[in-house]
Amino acid sequence: MSDSLFGEVSRDAQDQTIVDAYEAVGTTLDALPYTDAFEKLMARVKLPRMGRSGSSPPVLDYEHEQLLIGLVAGEAGSLGQRDQLPYTEGFDRVAGTFARQTGLNLSRHDLWRVIAKLAKYMKLLSV
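The model shown is predicted, which means the values in this text are computed figures rather than measured ones.

Caption draft 1: Focus on the pattern of salt bridges. In the structure shown here, the tally under the stated rule is five salt bridges. Residues Lys-117 and Glu-65 are paired through a salt bridge, measuring 3.7 Å at the closest nitrogen-oxygen approach. Note that Lys-117 is positioned in helix H5 (residues 108-126) and Glu-65 in helix H3 (residues 62-76), a separation of 52 residues in sequence. By relative accessible area, Glu-65 is classed as buried at 16%. One salt bridge in this structure joins Arg-82 and Asp-83, with 3.9 Å as the shortest N-O distance.

Caption draft 2: Structural context of unusual backbone geometry. Phi at Tyr-87 takes a positive value of approximately 65 degrees, unusual for a residue other than glycine. Examined against the element boundaries, Tyr-87 turns out to sit in the loop between H3 and helix H4 (89-102).

Caption draft 3: Quick look at the packing of H3 against H4. Viewed as axis vectors pointing N to C, H3 and H4 meet at an angle of 150 degrees, and their least axial separation amounts to 10 Å. Classed by the angle they form, the pair H3 and H4 counts as roughly antiparallel. When the axes of H3 and H4 are compared, the crossing they make is right-handed. Counting all contacts with H3, which are made through His-64, Leu-67, Leu-68, Leu-71, Val-72 and Glu-75, the residues of H4 involved are Gly-90, Arg-93, Val-94, Thr-97, Phe-98, Gln-101 and Thr-102. Across the contact of H3 with H4, the residue classes break down as six nonpolar, five polar and two charged.

Reading the values: rules and limits
- Residues numbered from 1 in each chain as written.
- Predicted model: local features only at pLDDT ≥ 70, side-chain atom pairs only at ≥ 80, totals over all residues.
- Heavy atoms only, no water.
- Salt bridge = Lys/Arg side-chain N within 4 Å of Asp/Glu carboxyl O.
- Helix = DSSP H or I, 4+ residues; strand = E, 2+ residues; numbered from the N terminus.
- Buried < 20%, exposed > 50% of the residue type's maximum accessible area, 1.4 Å probe, protein only.
- Axes fitted to C-alpha atoms, helices over the stretch in contact; angles between N-to-C directions.
- Parallel < 35°, antiparallel > 145°, perpendicular 65-115°, else oblique.
- Left-handed = near helix turned anticlockwise from the far one by under 90°.
- Contact = heavy atoms within 4.5 Å.
- Nonpolar A, V, L, I, M, F, W, Y, C, P; charged D, E, K, R; others polar.

As structure tokens, then:
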């Protein structure tokens, strides 16, 4: 049990409230970081997968994709370990370096979407 605005609430009820809120957003986990919806859902619970995102990540040219893959690997160890980056100084470094070296000024959300897309693509290539 823990305290909330509504008095004591069991952990299961809190988890269900978070899951319900996530389902109401109606987008994928990869589409959430750096959005207002994600800020509202920040909690350490396992959330179910949702359908497709309502938008597509920006399209980058091959050289920019390769630069981004290298920057993420430099911060996280590999593109596959990208999930440790959102809301960290490491992500801020990736974003800043990427913007300086490419001249592209993507939002944090768009940059994250590209990283997630690249990671999924690379995973498909390795299967």
